[in-house]
Amino acid sequence: MENLISLVNKIQRACTALGDHGEASALPTLWDSLPAIAVVGGQSSGKSSVLESIVGKDFLPRGSGIVTRRPLVLQLHKIDEGGRDYAEFLHLPRKRFTDFAAVRKEIQDETDRETGRTKQISSVPIHLSIYSPNVVNLTLIDLPGLTKVAVEGQPDSIVQDIENMVRSYIEKPNCIILAITPANQDLATSDAIKISREVDPTGERTFGVLTKIDLMDKGTDAVEMLEGRAYRLKYPWIGVVNRSQADINKNVDMIAARRREREYFSNTPEYKHLAHRMGSEHLAKMLSKQLEVVIKSKIPGIQSLISKTIAELEAELSRLGKPIASDDGGKLYAIMEICRSFDQIFKDHLDGVRPGGDKIYNVFDNQLPAALKRLQFDKQLSMENIRKLITEADGYQPHLIAPEQGYRRLIESSLITIRGPAEAAVDAVHSLLKDLVHKAISETLDLKQYPGLRVEVGNAAIDSLEKMREESKRATLQLVDMECGYLTVDYFRKLPQDVDKGGNPTHSIFDRYNDSYLRRIGTNVLSYVTMVCATLRHSIPKSIVYCQVREAKRSLLDHFFTELGKIEPKRLSSLLNEDPAIMERRSALAKRLELYRSAQAEIDAVAWSK
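Below is a short write-up of the structure.

Criteria and cut-off values
- Residues numbered from 1 in each chain as written.
- Predicted model: local features only at pLDDT ≥ 70, side-chain atom pairs only at ≥ 80, totals over all residues.
- Heavy atoms only, no water.
- Helix = DSSP H or I, 4+ residues; strand = E, 2+ residues; numbered from the N terminus.
- Buried < 20%, exposed > 50% of the residue type's maximum accessible area, 1.4 Å probe, protein only.
- Contact = heavy atoms within 4.5 Å.
- Areas by Shrake-Rupley, 256 points an atom, 1.4 Å probe, with all protein chains shown as cover.
- Phe/Tyr/Trp six-rings, centres within 6.5 Å; stacked < 30°, edge-to-face > 60°.
- Core = buried A, V, L, I, M, F, W, Y, C linked by side-chain atoms within 4.5 Å.
- Salt bridge = Lys/Arg side-chain N within 4 Å of Asp/Glu carboxyl O.
- Pairing = 2+ DSSP bridges.
- Axes fitted to C-alpha atoms, helices over the stretch in contact; angles between N-to-C directions.

**Things to note about the overall build of the protein chain**
- Regarding its fold elements, the protein chain presents 24 helices and 9 strands.
- Buried residues in the protein chain amount to 48% of all 610 residues.
- Of the contacts formed within the protein chain by residues at least 6 apart in sequence, a portion of 80% connects residues at least 24 apart.
- In the structure as shown, the protein chain presents an accessible area of about 30,600 Å², 52% of it carried by carbon and sulfur atoms.

Quick look at the structure:
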């Protein structure tokens, strides 16, 4: 039992140190899943005295009105016999208190640091651990006393504020409620019983404690309450007799107080039959035993929660990426690996493993053919333009057989217009490749970790694509220029065989400028240009793929890799400067993951040993 409760205390301390209670998450926190005991009662009900009796030390602030103004999470740790009692605060991790009067003062000072020297309250808890051979392993949460009216210096909402704070602790199903009620007051008006009944109507997790039994009016006793006849709970009521104010003023120690408490119940006729289950020592043992029972019953749920949370933390750490190496070689290797990951994702888009590459084929299969069809060759081959170019080409001496120079001028002036669709296809593919670069960058998780490297890789990839576009444009336009520079002779050698289809060759040379003759020339030129368009429709995509798509797959970051080897160490480090918020988040998650794994191992060991 000691080991089990001690383990829970250890995990709670670690959770608190990491702030692992209440952080936004899809899962409840480990802190919330661990059982604890909340001490609830009205102001001046004797809560502080009960706690001090359990601990065996005088360490809590005292006074009139609201004294406990912040929750006090009190963890008791049993140490070996002969060990010296001491206390530690979570907010002062390297300071050990052996003077418990100093502990009292620090509780007061820490409360004032949060709330100021006022009567305001705060939900921010103070965490205190006490180590002693005279305690049992327990976690107790001392909550501000419930009140019915606000006093001077307090807001009107303080009554509801305190109630809401208390409720936030005791409504958790893993919380054991220690309901403190003065015996010299009517049980029906007990603040502790009222709020406990609201969150635990069956009394399954409520321990009733009667204080101030020795202060009841003469002729009255608390037997009916202690026997559970006045208000029944699952567990028997426990009566305690705390030190009087006179005892406190005389510094009567706890050992003497506990002895006097035992003597009171043993020697008082009304309580003699109940003496074996009365007193603060019995209360501490009962609470420790019940805490053990609750912890054992919750172990499967705690194990499940820990496993789910570990998976959640590992997934988030994976999304955040690995921490950077400290040496230059490690940093260079990390950058290269991240770039290779980006490069592979980019290739996956082109190869169809990821979406996007199909849009490039759409340029070749739809956009380019449609652009070629939209070319207005009819303007180039109008009767007026044909006559003009044929006449200009003949010069002062008309052609003898066929207007070869006129043909060439007409074909060249038509083919040159194909440069527009060719350039547009190059630019369209360039735009799509840029989009794929941006997609690949956004899908490379490690690049999200390092904004500086993300910008550099993006710029380097775009610069490479720009150079590839220029080379592709040069090569693609050369294809068009080749068609302009050298005509397919075989096509024109067939024309004399079809002469009778377009006109009568016996016409005089001067008749060859008539509309019929010019129309035949226009038809021949249009047929040849259409044939060239069909050829270029297939060769332009090949040029673009070779110069842009293939080259992007092969050497997108080659220049960046070359320059990377020349970068100074300081600039190399700057590429791996990540968002400080991410670094902080990763560090916090790593610590939390270590805590949960440690808790998992220890709880599993305890579970197997049962």
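**Some points on the packing of aromatic side chains**
- Taken as a whole and judged by the stated rule, the model has 8 aromatic pairs.
- Taking the centre distance of 4.5 Å and the plane angle of 5° together, the rings of Phe-207 and Tyr-235 count as stacked. Here Tyr-235 lies in the loop between α7 (223-226) and β9 (238-239) and Phe-207 lies in strand β8 (residues 206-211), a separation of 28 residues in the sequence. An identical accessibility class is assigned to Phe-207 and Tyr-235; each is buried.
- Judged by centre distance (5.3 Å) and plane angle (55°), the rings of Tyr-491 and Tyr-528 are tilted.

**Digging into unusual backbone geometry**
- Even without glycine at this site, Lys-212 takes up a positive phi of about 60°.
- With respect to the helices, strands and loops of the structure, Lys-212 is situated in the loop between β8 and α7.
- Classification of Lys-212 as partly exposed rests on a relative accessible area of 24%.

**Description of the nonpolar core**
- If you look at the biggest cluster of nonpolar residues, it comprises 70 residues, and the most contacted ones within it are Ile-335, Phe-342, Phe-346, Val-437, Leu-453, Ile-521 and Phe-560.
- With 13 residues, helix α21 (residues 515-555) is the largest single contributor of residues to this core.
- The residues touching Phe-346, leaving out its near neighbours within four places in the chain, are Leu-433, Leu-436, Val-437, Ala-440, Ala-552 and Leu-556.
- Formed by 54 residues, the second largest nonpolar core is a distinct cluster that contains Ile-126, Ile-238, Leu-287 and Leu-313.

**Observations concerning the pattern of salt bridges**
- This model, assessed by the stated rule, comprises 35 salt bridges.
- A salt bridge links Asp-58 to Arg-104, with the shortest nitrogen-to-oxygen separation between them at 3.3 Å. Of this pair, Asp-58 sits in the loop between α3 (47-55) and β2 (72-78) while Arg-104 sits in helix α4 (residues 100-115); the two residues are 46 residues apart in sequence, bridging distant segments of the chain.
- For Arg-104, a relative accessible area of 25% corresponds to the partly exposed category.
- Residues Arg-597 and Glu-314 are paired through a salt bridge, measuring 2.6 Å at the closest nitrogen-oxygen approach.

**A look at the environment of Ser-304**
- Among the structural elements, Ser-304 can be located in helix α10 (residues 280-320).
- Separated by 296 residues in the primary sequence, Ser-304 and Gln-600 place their C-alpha atoms 9.5 Å from one another.

**Examining the sheet that holds strand β6 (residues 138-142)**
- Spatial ordering of the open sheet is given by β4-β3-β5-β2-β6-β1-β7-β8-β9, a layout of 9 strands whose pairing is mixed. Strand pairing shows two members of the sheet lacking a second neighbour, β4 (92-97) and β9, which therefore form its edges.
- Helix-sheet contacts for α3 involve β1 (36-41), β2, β5 (126-132), β6, β7 (175-182) and β8, and the interaxial angle to β6 is about 160°.

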